[in-house]
Amino acid sequence: MNSNDRAPSGLNWLGSFAVLCALVALWWIASNAGWVSRVFLPTPQATFASLLEGLNLSGGSGNGELLAFTQATVGRMVEGWLLASLFGVMLGAAIGVSPAVRAWVQPTLEFIRPLPASALLPLAISIFGLNPGMVLFVVAFGAMWPVLLATVHGFAAVEPRLAEVARCLQMSRAAYIWKMGLPNAMPDILAGMRLALTIALIVAVVGEMIASQSGLGQAILLAARAFRASDLFAGIVLLGLIGFGSNALLAFAEKRLLRWQQP
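I will try to describe carefully the structure that is included in this document. (Residues numbered from 1 in each chain as written. Predicted model: local features only at pLDDT ≥ 70, side-chain atom pairs only at ≥ 80, totals over all residues. Heavy atoms only, no water.)

### Notes on the overall build of the protein chain
Along the protein chain, the regular secondary structure elements total 10 helices and zero strands. Here the C-alpha coordinates of the protein chain stretch approximately 75 × 60 × 30 Å along the principal axes. The buried share of the protein chain, taken over its 263 residues, is 36%. Of all intrachain contacts in the protein chain linking residues separated by at least 6 positions in sequence, the fraction that spans at least 24 positions is 66%. Looking at the protein chain as shown, the accessible area adds up to about 15300 Å², and 69% of this sits on carbon and sulfur atoms. Here the protein chain carries 15 positive and 11 negative side-chain charges, and the mean point of each set is 6 Å from the other. (Helix = DSSP H or I, 4+ residues; strand = E, 2+ residues; numbered from the N terminus. Buried < 20%, exposed > 50% of the residue type's maximum accessible area, 1.4 Å probe, protein only. Contact = heavy atoms within 4.5 Å. Areas by Shrake-Rupley, 256 points an atom, 1.4 Å probe, with all protein chains shown as cover. Lys, Arg positive; Asp, Glu negative; His and termini not counted. Charge placed at Lys NZ, Arg CZ, Asp CG, Glu CD.)

### Observations concerning the environment of Ala119
Relative to the elements of secondary structure, Ala119 occurs in the loop between helix 4 (99-112) and helix 5 (121-128). Each C-alpha atom of the pair Ala119 and Val78 lies 21 Å from the other, and the pair is 41 residues apart in sequence.

### A look at the pattern of salt bridges
Tallying each qualifying case throughout the model produces three salt bridges. A salt bridge links Arg76 to Glu208; the shortest N-O distance between them is 2.4 Å. Here Arg76, found in helix 3 (residues 65-96), pairs with Glu208, found in helix 8 (residues 173-211); they are 132 residues apart in sequence, far enough to count as distant. Here the two residues Arg76 and Glu208 agree in accessibility, since each one is buried. (Salt bridge = Lys/Arg side-chain N within 4 Å of Asp/Glu carboxyl O.)

### Brief notes about the side chain of Ser85
Relative to the helices and strands, Ser85 resides in helix 3. A relative accessible area of 8% means that Ser85 is categorised as buried.

### Brief notes about the packing of aromatic side chains
For the structure shown, the criterion picks out four aromatic pairs. One aromatic cluster is present, formed by Phe128, Phe137, Phe141 and Trp145 through successive ring pairs. (Phe/Tyr/Trp six-rings, centres within 6.5 Å; stacked < 30°, edge-to-face > 60°.)

### Topic: helix 4
Since there are 3.6 residues in each turn of an α-helix, residues three or four apart along the chain are aligned in direction. Over its 14 residues, helix 4 extends 20 Å from the first C-alpha to the last, a length consistent with the 20 Å expected when each residue adds 1.5 Å. By the largest-angle criterion, Val105 marks the main kink of helix 4, which is about 45 degrees, and a proline, Pro107, follows within four residues. (Expected span 1.5 Å × (residues − 1). Bend = angle between axes of the 7 residues up to and from the residue.)

### Concerning the side chain of Ser246
With respect to the helices and strands, Ser246 occurs in helix 10 (residues 229-257). Taking relative accessible area as the criterion, Ser246 reaches 16% and is therefore assigned buried. In this structure the side chain of Ser246 is engaged in a polar contact, spanning 3.1 Å, whose partner is the backbone oxygen of Gly243. (Polar contact = N/O pair within 3.5 Å; in protein donor to acceptor, adjacent residues only side chain to side chain.)

### Regarding the packing of helix 3 against helix 6 (residues 132-156)
Taken N-terminus to C-terminus, the directions of helix 3 and helix 6 make an angle of 35 degrees; their axes are 6 Å apart at the nearest point. Where helix 3 crosses over helix 6, the two elements pack in a sense that is right-handed. (Axes fitted to C-alpha atoms, helices over the stretch in contact; angles between N-to-C directions. Left-handed = near helix turned anticlockwise from the far one by under 90°.)

### Structural notes on the packing of helix 3 against helix 8
Running from amino to carboxyl end, helix 3 crosses helix 8 at an angle of 145 degrees, the nearest separation of the two axes being 8 Å. Crossing hand, helix 3 versus helix 8: right-handed. The residues of helix 8 that touch helix 3, namely those facing Ala72, Thr73, Arg76, Met77, Trp81, Ser85, Val89 and Ala93, are Ile177, Leu182, Ile189, Met193, Ala196, Leu197, Ala200, Leu201, Val205 and Glu208. For the contact of helix 3 with helix 8, a count of residues per class yields 14 nonpolar, two polar and two charged. (Nonpolar A, V, L, I, M, F, W, Y, C, P; charged D, E, K, R; others polar.)

So yeah, pure geometry; function would need other evidence.
Given below as structure tokens:
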């Protein structure tokens, strides 16, 4: 890659940072100029102070509750995402490798796929009760569909000649999936996993709000009810940082895993 190829990427990062700074500046002006009451829109400095205090990084007598809430939410998100990825890849491979199974199952998948995971929370509560396992189930269920559908698409798009080669070599179905299907479907699977990670974070927060489970969702809800705007915005900023950081890590892992595709 030459310098001309790297320049647009650097310019994109610079432009993204400039847009972020502009948004923060607009936020600062709106809150300090009184365009919006500080009861509803705190200043950036107040939000930053609440964030440091909640994470116990201010050097003062911070309670550190936000750090515990963050750990609970991230743990719930990662556990649900891992379960969703595991079952999504397994089921997707089993469906995608067989044209007949795809034809039978595809209408059912298209019927279930649009159902929002949050709509299943009342059903999950009635089955599992108000406990962390219920939220974990809903997170895994909601995040599984991007991985499942991406895996089905990836296996369905495998070059037909590879299947012919596998038959000539008398490869078993498991060997074909592992040695030919999975490597070819990996770009689709990783793309589905990145989308699933975002969904896992969203569903985890919604589940914490509805099921009153410890986490950032509950912290944000309690801050809103108590009109603690700075704590509310600190939680929202922290969620954005978690989403950005997790997506960046997965994008880096995807780039490393797919190095063999790069010329």
